[in-house]
Structures are given as C-alpha cells and as structure tokens.
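Secondary and tertiary structure notes
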Amino acid sequence: MNTTERTNFFQGKIFAILGVLILLVVPNFVSTNVQIVFILILFYGLCASCWNIVCGFVGELSLGHAVFLGFGAYISTLLLMDGSLSPWVGMFIAAIITAAFGVIVGLPCFRLHGPYFALTTIALGELIRIFVENNEKVFGINIRGAMGLVLKQTGNQFIAFEFANKITYYYVLVAFVAVTILVTWLIKNSKLGYYLTAIKSDPDAAESLGIKLTKYKLIAMAISCFMISFAGTFYAQYFRYVGPTRIFSHDMSVQIALIALVGGQGTVFGPLLGACLLVPITEFLSEEFGGTMPGLHLFIYGIMMVLVVLYMPQGIYKNVTGFFKKLEYKIFGWDKANRKSIGKGVK
Amino acid sequence: MLDSVLLAFIYGILQGGAYGAIALGLSVIFGVTRVTNFAHGAMLMLSTFLYYELYTRFGIDPYLGLLIVTPILYFLGMATQKRLITPLLKKERGTTQDPASLLLITLGLGYAINNLFMMIYGSDYKTIPTAASKSYLTIEVGDFLFTTQWARIIAFFAAFVIGITLWFIINKTELGKRIRAVSQNRDAAAICGVDVYKTYAIAFGLGIAAVAVAGACLSEYYFVQPQVGTLFGTKSFLIVVLGGLGSIPGAILGGLIFGVVESVGAQFITSSASSMLTFILFMIMLFLKPSGLLGKGGKV
Amino acid sequence: MEEIIRLENVTKKFGGLTAVDNFSGAVETGSIVGLIGPNGAGKTTLFNMMSCTYPPTSGKIFYKGMDVTKARTDSMAIRGLARTFQVTKPFGDMTVVENFMVGAFLHTRDRAVARKQAEEIYEYIGMGCGECKAANETTTVDRKKLEIGRALATKPELLLLDEVMAGCNPQEKLELVETCRKIQKSGVTLLVIEHDIKTIMSLCEKIIILHRGAKLVEGTPSEVANDPRAISAYLGEDYHAGC
C-alpha cells in the first residue's frame, strides 16, 4: 500500500467536498425558483440512487421503478388523509409495504434477464398505472382513480410534513439523500455489494461460489424499494398532490433509470452526479422553451443517453471525477509520484 | 350478448392484424441481430408523420407514399444499425459483455425521436382524411351491423402481405441465406465470408421498412401524433414476446390474440381496463414459457 | 477409504443426445483423480451434474453419503464442493483479490476477514498483479489461477478442476501441477479434467477414461497406460491393426 496517499485527507477530494458544500449552502442564498431546481436535482438524484441499489449493482434494467415511488407516495398520503397519521410515521409503514411489494414482484421477475426483464417491468408499471387510473376504491380504500390525491394546504406544520418555505423541504431532502448515499456506500463495501457485483459479472460463476442469486437480488430490491418509498412520500408532501398519470408514468420510470445510467450505475455518487447534470439542463430548457417546444428536455435525455452509451458506457462519473482530480493537481501541484498512484490505483 | 361478443371478436381480429403488421419488423430485427429495438415505436411514428407531410403538402395518399417512405426508413434503419449498434457490437467483442447497452441505446434513440416530433408538431392529434378512411364496409351480423373502415381491412391484410414478403426474403433468397447464417452464428458466418455487420444493417433496414409499410396502413385510419409510437411500440413488444421473439408467424398470431383480448375484454370491462388484460396475458406468458407461443425455446 | 463423492448409474440426455451414459464411479477423500477422454466424451457434463448445475436425467449422486442429486448449485459450495470453469469466468470489474474475496465471503460476513483470506490465497497461488482488474488478466495461466484461487477461497473439501492446464506452456503446466499437489497436501480432494496425458499421468493417483459418455477404463496411471481399450480410444480403433 502506498502510504504517501494518505498524507492529506483532502487530497483528491477537494472538488467533491466543494460540490457537497455547494449543494448544502448555496440554496440558502438563491431565489425560490432556483431553490425549486435544487429540490428537483436532489429528488431525482434520490430516486436514481435508489434505482441504482438494485439495477446498478445487479445489472438488470428496471423501467418500472416509478411504481415503487408511487406506492410510497400513495400509502403515506392515504394514511395521512384517511388515518390522520403523520407522514413521518406513515413513510415508514409505506416503506415496509413497498419493500414487501418489491420482493413479491421481484420473485418472478428476477428469473428473467435482459430485454425480458426490462419489458416485464414496463408492463408492470403500465399495469399499475392503468389500474389506479380506473379504480376509485381498492379494498375499500378510497384511492380516487385518475383524479389523484390532493392534500390540503394547512400551513407550516412539522408533524404534518408541511413547511412554509422551500428551503426546509430542501434540507429534509438532503437528509434523505445522505441516508441513501450512506446505504449505497455501506452496500458497496459489504458482502452484499461484492455478491451483487459478482452476480452482475457472471451469474454462473457466482452461483458456483455459493451465492444464492435470487436471495441477494431480492435483498437489494427490498432495500431499493424501501428507500425510494421515502422519495415518494416527499413527492406527495412537497407537491401536495399525487396523480397516477404522472407518478406511475413510463416517462418517470425512464427518467429515473436514465439519470442513474448517465451518472454511472453501480457507483455510490454517480446517480446524484447524473441528476446534477441532467436536471438543471432540462429545467432550464423547459423554462426557456417549454411553451414553444414541449418535449425538448426529454429530447435531451434521449440524446444524452445515446452519447453516454456510445462514448462513456460506464457513465460520466469516472470521467468527471478524473477531470476534477487532474484539475486539482494542476492547481495545487501535488507531486507527480502521487499523481501516478491515484491515476492507476495501487499496484 | 353473443352477437356483440362475436362483433367484438371480428373487430379484435382486424385490429390484431394491424398490431401484427407493426410487430413484424421488431421480431425480424430481434431474430437476426438480437437487438430489442426500443426505438421501434418511434420509427413507426416517424413514418406516419412522413405520410402526413406527403399528404398535406403534395396530396399523396399514404398507400402511394409507401413508395417514397419505405426506402427512406430502410436507409434510416441501416444507418441506425451502422452508426449506433455496430460500434457497440464491435466493442463488446473485447473483454466484458454488456448487452444492456444495446437496449439502452435504442431506448435513448426512441426517446429522442419521440420528443423531437413533440417539439416540432406538439401533441395535437392529426388525421389523414383519405378515401380509404372515409369509406365504410357494412355487413349485418345477427341483430348488429358490422361497420368498419376499408382502411382497417386493408391493414389487416397488409400484415399477411408484409409477413409473407419478409418470410420469402429470409427463406428463399440469396440475401436471406446470409441473414439466416448471421442470425445462427455470426462468427461462423464471418468465416464463410459473409459481411456480418452489413447483413445486420440490411436486416435492421428490412425491419424498419416493414414498420414503414405498417405505418402507411395505420395512418389511413389512426391518429398521427408523437405519442402514438410509444403506445404501439410497447404493444409490439408484448405481442412479439407473446408470439415468440424472432418468429414471423408468431408476431401475427400474437397480434391477433392481443387484438381479440382487448376488443372482447372491452365488452365486459372498460376499454382502458381491458388493456390491462393484455399486460397480464404477457406476464403470464413470460413466466410460463418465455420463448413465446411459436418461439424456438432456449434460455432467456 | 471414505468416498467424498459417488455417482450411481448417472445418465444425462440433451434432447436426443446422450452426453453421459450410465456412469458409476467414486472419488476417495484426500485423493487426486484424473478424468480424461476425447472431446465430447461428457467430462464437463459430469462436472456440471456434480456441482448441480443441472440434474441428471436418471441416476443418483451422493456427496459425503448424502443424496444431492437435486440439490442447488449454491448449496453445493456451502457443503464444500468448488469448481473451476473450462471457459474462465472472471468477475471482470473486480480486482483479482476482490475476486478471491467473493469466494471467501462464503464463510464470513466481515470484509476485513475476507480480504485477509483473499490476500493469503493470492500469496499461496502466486500470480501476477493482485490489485489489477480481473478483466485485464490476459495470460491464460493467470486466468486459470484466478479460477483456482477463487474456488479455493470457499475453503472446499472437493475441488473440481476443468482443464486448468489447457493453453499453458510446459513450464506453466509444471507450476500448476505443483499447485495441485500443494492443494492436495492441504487436505483437499481433487478431481481433474485434463487433455495432456503426460501431465495427468504424473499428477493423479487414479484415472478414469470417459468415452462417448460411458466409463471406459478406471485404474492407476500404469494400469490405464497399458489398457488396450484406452489406447484404442485415444489412438483410434485401427491403431493395433496398423501395427
């Protein structure tokens, strides 16, 4: 092991720390409109990170993850509206139900691979959307069909997960993202992470080493669904509205997947990075041209996807971090021996 | 009651033929190149807009416009394969394989095309009011009147024409021999002197040309709108998996089953709920026999 | 001597093709047994059935006296059976040591423990670059060693080696033979598929020759070498007549 590498904790991380600081501090000093963009960045970053926990690590492409987002939103909101249960408690109930649902769905789906898996998740997503749109009641619970659930504005109440200003919402979201990133990091550096990466590389070899494929895939699925359900609760509370047409939509699922893939699947910070890049671009574009050219931002998503697959199949994460590290060396002039060891990994 | 079900059945068969026509190209592309073309629906939508432009600007009926649009889409398909998919296939021959990238690139392409047209044309529904869409065929079925546009009947038969043409090209021509060789074993075919990537491009082009023909039939009676592609694209996938990925008769059979299930199902529940039936049918099929009704088996 | 694995009348059919035909045999604990035969004789099919990749069409497989005919692949690893693959299957995105860690995780949840065991195996097996990505291991011998090391990391009692020496030069073969001996001495039973007769004769205590899915000859290297059936299977039916 190269000991010089640890001489300075900040070495090689300066821009990463700077980025985190920007996300933490800057939203305090900008207009509400910009705060909204920051919230969307973190929201999509959160969803993409959750998607990454199962799909990024296992290597199967889920194009129906909006279902689990919607489950979280619906359950916690229904608990609040019909059961007067605080979303802070409800979101945990929602998360547990969503995780259980994810496992039930995953059990048959994980027998399929590649396009078959992707198609099944699309079909599942569409199935749930159409079902919710066409049913006023399920098991006696009033889900209000295509109308969706509208939450009344009651003012600034912590217990009801309702805040007067955007910045409070933002910091709640920061906490969610931090937990998700931490969970991802823990997975990546644990037995589970190693097993999932092995399954992704070669399922046959993994199985011969005693890895129960379905078990570990389902664990990842449960964690992913558990976490994305929180994002759903946030969505409902922030927008004060949950409609099946948007939250269960195919577009939502694809957006979540694309952000994670552009960012870098299987990495800890990649999905968040993807959101930092894509969300501001698309928000700016739909702000500027949304009226005259609907679909422009989704067009950008598509083009980005094609370019990333062609030129950066691992996502932008590697290239972006590499670029900033180089920049850092240029600015601070760390010695050259270190630079080599960072560039290549320890030999 | 029985009559109305019978009527729904006939409507379903007609609609199913159109579904089959659209799904055929997708099935051929998968059968040869193993690419699940998520941009298939977008290509269909693109072709219908070309027909729309030809009709509104020059008054050319889509049935005639075929002669112009099909070659354009053929070359578009070839270009897609050459510029986007072949580079990935070449890269794949290295150390690590990532089949997901093939799926993603077509997904991205489809997304880009769909939203490009959304930007240009907006989400308004357009129609092409041709003769075939305005003339009706009426037959008495028991107490009911069976009425349908001639365009729908033409679309139904088009499925068989496209299917037989594709089957003939693949099974009876010199080009088809190369296509079959490549689809069975691309390395062995390469050793025998077949230009694998060129053959892939031709097969992809054929698949997209087939969807252009289906697009002509569809645009005669259906809306022209950017989101039409997504609707039919998703359905095509379900149909092709149901019938067996890569199987030509399977695509038509799958289409017919889908059409009937949707149409007859709508007699008993609401029509949007009946499209849920097709999703359920698809999932049951996948879990029981992933290779589809007429598929050749093999691991998924 | 105790038998670690025993096959009784095992047959495997793929459609109309009979890959393994009524095979019976056993491997004694602590021994090193060679399995040879021409291409398509059914050697790898036997391995796949022993590691429960697929069950036999008929017949039974006993591992340490227990019927494992219909067991799952992953459960066999826990019971102490590990294998390598003829076509190597490295986890390309991981480093070599991390590949070994995946194996080591079978008996521990602790990452540090797994890492330590993996590094020990890395020393033990003696290969190129431990912190390089496995996908970048380009030499055949290193790829084979990666397979062996990863299987060893699961602490097996029975190790199935599928053509680990194929494609290696004589020097490397000697090195691998030494490794196999070392592994055997540490108490692991070895069952080896190999094509190189000379190598396998020097390495194994017992040799089984498979021919068209059936057992042709079984015995010590010297017995096998002098068996006319073995000679005809390898050198062709007309070999004697020609002489």
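Further up the page is the structure itself.
Residues numbered from 1 in each chain as written. Chains lettered and ligands numbered in written order. Predicted model: local features only at pLDDT ≥ 70, side-chain atom pairs only at ≥ 80, totals over all residues.

Right, let's get into the overall build of chain C. Of the regular secondary structure elements, chain C holds 10 helices and 10 strands. The C-alpha radius of gyration of chain C comes to 18 Å, within 12% of the 18 Å expected for a compact globule of 243 residues. C-alpha atoms of chain C, sized along the principal axes, occupy 60 × 40 × 35 Å. Relative to all contacts within chain C whose residues are 6 or more apart in sequence, the contacts with residues 24 or more apart total 65%. (Helix = DSSP H or I, 4+ residues; strand = E, 2+ residues; numbered from the N terminus. Rg over C-alpha atoms; globule rule 2.2 N^0.38 Å. Contact = placed C-beta atoms within 7 Å.)

Another point: the overall build of chain B. A count of helices and strands for chain B gives 12 helices and two strands. When the helices and strands of chain B are read in sequence order from the N terminus, they spell out α-α-α-α-α-β-β-α-α-α-α-α-α-α. With the C-alpha coordinates of chain B rotated into their principal frame, the extents come out at 65 × 50 × 35 Å. Across the 300 residues that make up chain B, the buried fraction comes to 53%. (Buried ≥ 20, exposed ≤ 12 C-beta atoms within 10 Å, placed from the backbone.)

Helix-helix packing is described using two parameters, namely the angle between the two axes and the distance between the axes. Residues and elements named next belong to chain C. At their nearest, the axes of helix α3 (residues 96-104) and helix α5 (residues 140-152) sit 7 Å apart, and the two run at 35 degrees to each other. Here α3 and α5 pass one another in a crossing that is right-handed. Residues Val96, Asn99, Phe100, Val102 and Gly103 of α3 touch α5, and the partners they reach there are Leu146, Gly149, Arg150 and Ala151. Classifying every residue of the contact of α3 with α5 gives five nonpolar, three polar and one charged. (Axes fitted to C-alpha atoms, helices over the stretch in contact; angles between N-to-C directions. Left-handed = near helix turned anticlockwise from the far one by under 90°. Nonpolar A, V, L, I, M, F, W, Y, C, P; charged D, E, K, R; others polar.)

We now examine the interface of chain A and chain C. Contacts between the two partners involve 20 residues from chain A, matched on the other side by 24 residues from chain C. Secondary structure elements with two or more residues in the side of chain A that touches chain C: α7 (191-201) and α8 (203-208) of chain A. Looking at the side of chain A that touches chain C element by element, the count peaks at six residues for α7(A). Classifying every residue of the side of chain A that touches chain C by side-chain character gives seven nonpolar, seven polar and six charged.

Further remarks concern the sheet that holds strand β8 (residues 189-193) of chain C. Residues and elements named next belong to chain C. The six strands lie next to each other as β6-β7-β8-β3-β9-β10, forming an open sheet whose pairing is mixed. Unpaired on one side and paired on the other, β6 (81-83) and β10 (214-219) mark the two borders of the sheet. Along the sheet, successive strands turn relative to each other by an average axial angle of 20 degrees, direction set aside. In the packing of helix α1 (residues 43-50) onto the sheet, contacts are made with β3 (32-36), β6, β7 (158-162), β8 and β9 (206-211), and the angle to β7 comes to roughly 150 degrees. (Pairing = 2+ DSSP bridges.)

This part takes up the environment of Ile183(C). Residue and element names in this part refer to chain C. Within the secondary structure layout, Ile183 lies in helix α6 (residues 170-185). As a C-alpha pair, Ile183 and Pro156 span 27 residues in sequence and 10 Å in three-dimensional space. Beyond its immediate sequence surroundings of up to four residues, Ile183 is in contact with Leu152, Leu159, Val188 and Leu190.

Residues and elements named next belong to chain C. In space, the four strands of this open sheet follow the order β2-β1-β4-β5, with antiparallel pairing throughout. Every other strand in the sheet has two partners, leaving β2 (17-28) and β5 (66-67) as the edge strands with one partner each. In terms of strand pairing, strand β1 (residues 3-14) meets strand β4 (residues 58-63) through five bridges, oriented antiparallel. The residue bridging Leu7 from the neighbouring strand is Ile61, located in β4.

With that settled, the discussion passes to the environment of Gly70(A). Residue and element names in this part refer to chain A. As for its placement among the helices and strands, Gly70 is situated in helix α3 (residues 66-83). Gly70 gets classed as buried once you count the C-beta atoms within 10 Å, which come to 29. Sequence separation between Gly70 and Thr233 is 163 residues; the distance between their C-alpha atoms is 8.6 Å. If sequence neighbours within four positions are ignored, Gly70 has contacts with Gly232, Ile247 and Phe248.

Here the focus is unusual backbone geometry. Residue and element names in this part refer to chain C. Even without being a glycine, Asn9 presents a positive backbone phi close to 50 degrees. Within the element layout of this structure, Asn9 appears in strand β1. We note that Lys64 has phi near 50 degrees; this positive angle belongs to a residue other than glycine. Take Lys64: it is sitting in the loop between β4 and β5.

Moving on: the packing of helix α7 (residues 174-184) of chain B against helix α9 (residues 196-219) of chain B. Residues and elements named next belong to chain B. At a minimum axis distance of 10 Å, the contact between α7 and α9 shows a crossing angle of 110 degrees. Comparing the axis directions of α7 and α9 gives the class roughly perpendicular. Two secondary-structure elements touch here, α7 through Leu175, Arg178, Ile179 and Val182 and α9 through Val196, Thr199, Tyr200, Ile202 and Ala203. Of the residues in the contact of α7 with α9, the class split is seven nonpolar, one polar and one charged. (Parallel < 35°, antiparallel > 145°, perpendicular 65-115°, else oblique.)

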